Amino acid sequence: MRKEDFEWIHSWCDLAKNNDLPRVLLIGDSITWGYQEKVRNCLKGFCYVDFLSTSYSIDNPFYSKLIKNFVTNSSYDLVHFNFGLHGKHISEKSFNTRIRKILSFIEDNCKKLVIGNITNVNNVGNKKPNLSWTKRVNERNKIYNQIALENNIKINDLHELALSFDKSLRKDDGVHYEDQGYEIFAKKVSEFIKENI
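Notes on the structure in this doc start here. Worth saying up front: this structure is predicted, and the values here are computed from it rather than measured.

## What to know about the side chain of Asn82
Turning to step 1, where the next piece is worked out: Within the element layout of this structure, Asn82 appears in strand 4 (residues 78-82).
Turning to step 2, where the next piece is worked out: Owing to a relative accessible area of 3%, Asn82 belongs among the buried residues under this scheme.
Turning to step 3, where the next piece is worked out: Looking at Asn82, its side chain comes within polar contact range of the main-chain oxygen of Asn117, at 3.1 Å.
Turning to step 4, where the next piece is worked out: Sequence-distant contacts of Asn82, that is, excluding residues within four places in its chain, are made with Ile27, Gly28, Asp29, Ile31, Thr32, Tyr35, Gly116, Asn117, Ile118 and Leu158.

## Considerations on the pairing of strand 3 (residues 48-54)
Turning to step 1, where the next piece is worked out: Counting buried positions along strand 3 gives 7 out of 7 residues, so the element sits mostly inside the fold.
Turning to step 2, where the next piece is worked out: The two faces of strand 3 match: Tyr48, Asp50, Leu52 and Thr54 on one face and Val49, Phe51 and Ser53 on the other face are all buried.
Turning to step 3, where the next piece is worked out: Sheet topology note: the strand 2 (residues 23-28)/strand 3 ladder contains 6 bridges and is parallel. Note that in strand 3 the partner of Arg23 across the bridge is Tyr48.
Turning to step 4, where the next piece is worked out: What joins strand 2 to strand 3 is helix 1 (residues 30-42), and the crossover it makes is right-handed.

## Some details on the pattern of salt bridges
Turning to step 1, where the next piece is worked out: Per the stated rule, a full pass over the model turns up 8 salt bridges.
Turning to step 2, where the next piece is worked out: Salt-bridge contacts for Asp50 lead to Arg23; the nearest nitrogen and oxygen are separated by 2.9 Å. With Asp50 in strand 3 and Arg23 in strand 2, this residue pair connects regions lying 27 residues apart in the sequence.
Turning to step 3, where the next piece is worked out: Among the residues examined, Asp50 registers a relative accessible area of 0% and is labelled buried.
Turning to step 4, where the next piece is worked out: One network of salt bridges, with partners in common, ties together Lys38, Asp179 and Glu183.

## Focus on the sheet that holds strand 1 (residues 9-12)
Turning to step 1, where the next piece is worked out: Here we have 6 strands laid out as an open sheet, ordered 1-3-2-4-5-6, and mixed in their pairing. The open sheet has two edge strands with one neighbour each: strand 1 and strand 6 (154-156). Ignoring which end each strand starts from, the neighbouring axes of this sheet average 20 degrees apart.
Turning to step 2, where the next piece is worked out: Taken together, the 5 bridges between strand 2 and strand 4 define a ladder with parallel strand orientation. Looking at the pairing, Gly28 lines up with Asn82 of strand 4.
Turning to step 3, where the next piece is worked out: Across the sheet, helix 3 (residues 92-108) is in contact with strand 2, strand 4 and strand 5 (113-116); its angle to strand 4 comes to roughly 165 degrees.

## A closer look at the packing of helix 2 (residues 61-71) against helix 3
Turning to step 1, where the next piece is worked out: Between helix 2 and helix 3, the least distance of the axes is 10 Å, while the angle of their chain directions is 10 degrees. One element, helix 2, and the other, helix 3, form an angle in the roughly parallel class. Between helix 2 and helix 3, the contacting residues are Tyr63, Ile67, Lys68 and Val71 on the first element and Ile102, Phe105 and Ile106 on the second.
Turning to step 2, where the next piece is worked out: Classifying every residue of the contact of helix 2 with helix 3 by side-chain character gives 6 nonpolar, no polar and 1 charged.

## Regarding the environment of Lys93
Turning to step 1, where the next piece is worked out: By the secondary structure assignment, Lys93 is in helix 3.
Turning to step 2, where the next piece is worked out: Judged by its relative accessible area of 70%, Lys93 falls in the exposed class.

## Structural notes on the nonpolar core
Turning to step 1, where the next piece is worked out: Of all hydrophobic cores here, the largest spans 56 residues; its most connected members are Tyr35, Phe81 and Ile106.
Turning to step 2, where the next piece is worked out: Apart from residues no more than four positions distant in its own chain, Phe81 is found in contact with Ile27, Tyr63, Ile99, Ile102, Leu103, Ile106, Leu113, Val114, Ile115, Gly116 and Tyr144.

## So, the packing of aromatic side chains
Turning to step 1, where the next piece is worked out: On inspection of all chains with the given rule, the structure shows 11 aromatic pairs.
Turning to step 2, where the next piece is worked out: Relative to Phe51, the ring of Trp33 has its centre 5.6 Å away and its plane inclined at 40 degrees; by these criteria the two rings are tilted. Of the two residues, Trp33 is situated in helix 1 and Phe51 in strand 3; the sequence distance between them amounts to 18 residues.
Turning to step 3, where the next piece is worked out: The class of Trp33 is partly exposed, set by a relative accessible area of 39%.
Turning to step 4, where the next piece is worked out: Note on Tyr56 and Phe62: the rings are 4.8 Å apart at their centroids and 55 degrees apart in plane angle, and the pair reads as tilted.
Turning to step 5, where the next piece is worked out: Connected via pairs of aromatic rings, a cluster forms that spans Tyr35, Phe165, Tyr177, Tyr182 and Phe185.
Turning to step 6, where the next piece is worked out: Between Lys68 and the ring centre of Phe105, over which it is positioned, the NZ or CZ distance is 5.3 Å.

What counts and how
- Residues numbered from 1 in each chain as written.
- Predicted model: local features only at pLDDT ≥ 70, side-chain atom pairs only at ≥ 80, totals over all residues.
- Heavy atoms only, no water.
- Helix = DSSP H or I, 4+ residues; strand = E, 2+ residues; numbered from the N terminus.
- Buried < 20%, exposed > 50% of the residue type's maximum accessible area, 1.4 Å probe, protein only.
- Polar contact = N/O pair within 3.5 Å; in protein donor to acceptor, adjacent residues only side chain to side chain.
- Contact = heavy atoms within 4.5 Å.
- Pairing = 2+ DSSP bridges.
- Right-handed = clockwise from strand over helix to strand, strands pointing away.
- Salt bridge = Lys/Arg side-chain N within 4 Å of Asp/Glu carboxyl O.
- Axes fitted to C-alpha atoms, helices over the stretch in contact; angles between N-to-C directions.
- Parallel < 35°, antiparallel > 145°, perpendicular 65-115°, else oblique.
- Nonpolar A, V, L, I, M, F, W, Y, C, P; charged D, E, K, R; others polar.
- Core = buried A, V, L, I, M, F, W, Y, C linked by side-chain atoms within 4.5 Å.
- Phe/Tyr/Trp six-rings, centres within 6.5 Å; stacked < 30°, edge-to-face > 60°.
- Lys NZ or Arg CZ within 6 Å of the ring centre and 35° of its normal.

Encoded structure:
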(Lines give C-alpha, C1' and ligand atoms only; values in the text may rest on other atoms or scores of the structure.)
Protein backbone atom coordinates (compact mmCIF):
# COMPACT_ATOMS: atom_id res chain seq x y z
CA MET A 1 0.00 0.00 0.00
CA ARG A 2 1.24 3.47 -0.91
CA LYS A 3 -0.51 6.57 0.40
CA GLU A 4 -1.68 9.37 -1.89
CA ASP A 5 -0.24 12.87 -1.44
CA PHE A 6 -3.65 14.07 -0.30
CA GLU A 7 -6.32 11.75 1.03
CA TRP A 8 -9.91 12.96 1.22
CA ILE A 9 -13.51 11.80 1.25
CA HIS A 10 -16.62 13.72 0.18
CA SER A 11 -20.09 12.25 0.50
CA TRP A 12 -23.75 13.14 0.59
CA CYS A 13 -26.98 11.22 1.08
CA ASP A 14 -29.99 13.03 -0.27
CA LEU A 15 -33.08 12.92 1.99
CA ALA A 16 -31.76 9.66 3.40
CA LYS A 17 -34.96 8.60 5.18
CA ASN A 18 -37.13 8.93 2.07
CA ASN A 19 -38.00 5.90 -0.06
CA ASP A 20 -40.74 7.24 -2.33
CA LEU A 21 -38.33 7.48 -5.30
CA PRO A 22 -35.53 5.22 -6.54
CA ARG A 23 -32.14 5.82 -4.92
CA VAL A 24 -28.90 6.08 -6.90
CA LEU A 25 -25.31 6.12 -5.65
CA LEU A 26 -22.44 7.76 -7.54
CA ILE A 27 -19.03 6.35 -6.55
CA GLY A 28 -15.85 7.92 -7.85
CA ASP A 29 -12.96 10.30 -7.42
CA SER A 30 -12.65 14.05 -8.07
CA ILE A 31 -14.30 13.72 -11.48
CA THR A 32 -17.44 12.37 -9.78
CA TRP A 33 -17.11 15.11 -7.17
CA GLY A 34 -17.13 17.62 -10.03
CA TYR A 35 -20.39 16.47 -11.60
CA GLN A 36 -22.35 15.04 -8.63
CA GLU A 37 -24.26 18.19 -7.67
CA LYS A 38 -25.26 18.80 -11.28
CA VAL A 39 -26.47 15.20 -11.59
CA ARG A 40 -28.55 15.63 -8.43
CA ASN A 41 -30.12 18.76 -9.94
CA CYS A 42 -30.79 17.01 -13.27
CA LEU A 43 -32.48 14.05 -11.57
CA LYS A 44 -34.44 15.96 -8.94
CA GLY A 45 -37.93 14.48 -8.74
CA PHE A 46 -36.86 11.37 -10.65
CA CYS A 47 -34.61 9.73 -8.03
CA TYR A 48 -32.53 10.51 -4.96
CA VAL A 49 -28.82 10.78 -5.73
CA ASP A 50 -26.21 9.99 -3.09
CA PHE A 51 -22.49 10.18 -3.78
CA LEU A 52 -19.18 9.02 -2.39
CA SER A 53 -15.98 10.44 -3.86
CA THR A 54 -12.50 9.79 -2.52
CA SER A 55 -8.81 9.94 -3.32
CA TYR A 56 -7.97 6.79 -1.36
CA SER A 57 -6.32 4.21 -3.59
CA ILE A 58 -7.89 0.78 -4.05
CA ASP A 59 -4.85 -0.96 -2.51
CA ASN A 60 -5.50 0.88 0.75
CA PRO A 61 -7.62 -1.42 2.99
CA PHE A 62 -9.62 1.63 4.00
CA TYR A 63 -10.95 1.99 0.44
CA SER A 64 -12.80 -1.32 0.33
CA LYS A 65 -14.13 -0.80 3.87
CA LEU A 66 -15.39 2.63 2.88
CA ILE A 67 -17.13 1.37 -0.26
CA LYS A 68 -18.66 -1.67 1.43
CA ASN A 69 -20.03 0.31 4.36
CA PHE A 70 -21.48 3.02 2.14
CA VAL A 71 -23.08 0.65 -0.39
CA THR A 72 -24.79 -1.40 2.33
CA ASN A 73 -25.99 1.57 4.37
CA SER A 74 -28.92 2.23 2.01
CA SER A 75 -30.88 0.25 -0.56
CA TYR A 76 -29.67 1.33 -4.00
CA ASP A 77 -31.58 0.83 -7.21
CA LEU A 78 -28.47 1.73 -9.23
CA VAL A 79 -24.80 2.38 -8.50
CA HIS A 80 -22.77 4.37 -11.05
CA PHE A 81 -19.08 3.54 -10.46
CA ASN A 82 -16.52 5.94 -11.97
CA PHE A 83 -13.15 5.57 -10.26
CA GLY A 84 -9.58 5.19 -11.52
CA LEU A 85 -7.47 8.36 -11.33
CA HIS A 86 -5.71 7.42 -8.08
CA GLY A 87 -3.21 4.72 -7.21
CA LYS A 88 -1.08 5.23 -10.30
CA HIS A 89 1.51 2.88 -8.75
CA ILE A 90 -0.90 -0.09 -8.89
CA SER A 91 -0.04 -2.58 -11.61
CA GLU A 92 -2.54 -3.71 -14.22
CA LYS A 93 -2.71 -7.18 -12.65
CA SER A 94 -3.29 -5.83 -9.14
CA PHE A 95 -5.90 -3.33 -10.32
CA ASN A 96 -7.74 -6.10 -12.15
CA THR A 97 -7.85 -8.34 -9.07
CA ARG A 98 -8.85 -5.58 -6.66
CA ILE A 99 -11.45 -3.85 -8.81
CA ARG A 100 -13.17 -7.14 -9.62
CA LYS A 101 -13.65 -7.82 -5.91
CA ILE A 102 -15.03 -4.34 -5.27
CA LEU A 103 -17.39 -4.40 -8.24
CA SER A 104 -18.59 -7.90 -7.40
CA PHE A 105 -19.44 -6.77 -3.87
CA ILE A 106 -21.31 -3.72 -5.18
CA GLU A 107 -23.24 -5.78 -7.72
CA ASP A 108 -24.27 -8.24 -5.00
CA ASN A 109 -25.58 -5.41 -2.83
CA CYS A 110 -27.56 -3.21 -5.23
CA LYS A 111 -30.23 -3.76 -7.85
CA LYS A 112 -28.05 -2.61 -10.75
CA LEU A 113 -24.41 -1.66 -11.28
CA VAL A 114 -23.15 0.47 -14.17
CA ILE A 115 -19.60 1.63 -14.85
CA GLY A 116 -18.45 5.05 -16.00
CA ASN A 117 -15.05 4.52 -17.53
CA ILE A 118 -12.02 6.68 -16.71
CA THR A 119 -11.43 10.08 -18.28
CA ASN A 120 -8.14 10.93 -19.98
CA VAL A 121 -5.29 12.90 -18.41
CA ASN A 122 -3.25 15.57 -20.17
CA ASN A 123 -0.04 17.29 -19.17
CA VAL A 124 -0.33 20.65 -17.42
CA GLY A 125 -1.61 23.14 -19.98
CA ASN A 126 -3.58 20.46 -21.86
CA LYS A 127 -1.39 20.59 -24.96
CA LYS A 128 -0.43 16.90 -24.92
CA PRO A 129 -1.64 13.69 -23.26
CA ASN A 130 0.19 12.62 -20.10
CA LEU A 131 1.72 9.43 -21.49
CA SER A 132 2.25 7.59 -18.20
CA TRP A 133 -1.31 8.28 -17.07
CA THR A 134 -2.66 7.48 -20.55
CA LYS A 135 -1.11 4.02 -20.26
CA ARG A 136 -2.76 3.43 -16.87
CA VAL A 137 -6.14 4.81 -17.99
CA ASN A 138 -6.14 2.63 -21.11
CA GLU A 139 -5.21 -0.48 -19.07
CA ARG A 140 -7.94 0.20 -16.53
CA ASN A 141 -10.62 0.98 -19.10
CA LYS A 142 -9.75 -2.25 -20.88
CA ILE A 143 -10.27 -4.09 -17.57
CA TYR A 144 -13.62 -2.33 -17.06
CA ASN A 145 -14.69 -3.29 -20.58
CA GLN A 146 -13.80 -6.93 -19.95
CA ILE A 147 -15.63 -7.01 -16.61
CA ALA A 148 -18.66 -5.39 -18.24
CA LEU A 149 -18.65 -7.95 -21.06
CA GLU A 150 -18.34 -10.90 -18.68
CA ASN A 151 -21.08 -9.69 -16.34
CA ASN A 152 -23.49 -7.91 -18.67
CA ILE A 153 -22.78 -4.51 -17.07
CA LYS A 154 -23.39 -1.32 -19.06
CA ILE A 155 -20.48 1.09 -19.65
CA ASN A 156 -21.04 4.85 -19.66
CA ASP A 157 -18.29 6.03 -22.01
CA LEU A 158 -17.06 9.15 -20.26
CA HIS A 159 -13.57 8.59 -21.67
CA GLU A 160 -14.60 9.22 -25.29
CA LEU A 161 -16.70 12.17 -24.18
CA ALA A 162 -13.71 13.73 -22.40
CA LEU A 163 -11.48 13.20 -25.46
CA SER A 164 -13.93 15.30 -27.49
CA PHE A 165 -13.67 18.28 -25.12
CA ASP A 166 -12.15 21.51 -26.31
CA LYS A 167 -9.27 22.83 -24.20
CA SER A 168 -11.57 25.57 -22.88
CA LEU A 169 -13.61 22.92 -21.01
CA ARG A 170 -10.57 21.63 -19.11
CA LYS A 171 -8.60 23.08 -16.22
CA ASP A 172 -4.91 23.72 -16.83
CA ASP A 173 -3.93 20.85 -14.51
CA GLY A 174 -4.82 18.42 -17.32
CA VAL A 175 -7.06 16.30 -15.07
CA HIS A 176 -10.08 18.35 -14.01
CA TYR A 177 -12.73 20.35 -15.85
CA GLU A 178 -14.29 23.76 -15.93
CA ASP A 179 -17.90 24.13 -14.83
CA GLN A 180 -19.17 23.82 -18.41
CA GLY A 181 -17.28 20.53 -18.77
CA TYR A 182 -18.89 19.10 -15.66
CA GLU A 183 -22.28 20.22 -17.00
CA ILE A 184 -21.70 18.02 -20.07
CA PHE A 185 -20.63 15.07 -17.90
CA ALA A 186 -23.67 15.55 -15.67
CA LYS A 187 -26.05 15.53 -18.62
CA LYS A 188 -24.55 12.28 -19.93
CA VAL A 189 -24.50 10.61 -16.50
CA SER A 190 -28.08 11.69 -15.79
CA GLU A 191 -29.35 10.41 -19.13
CA PHE A 192 -27.47 7.14 -18.64
CA ILE A 193 -29.02 6.67 -15.21
CA LYS A 194 -32.52 7.34 -16.54
CA GLU A 195 -31.97 4.79 -19.32
CA ASN A 196 -30.67 2.08 -16.99
CA ILE A 197 -32.47 2.36 -13.66
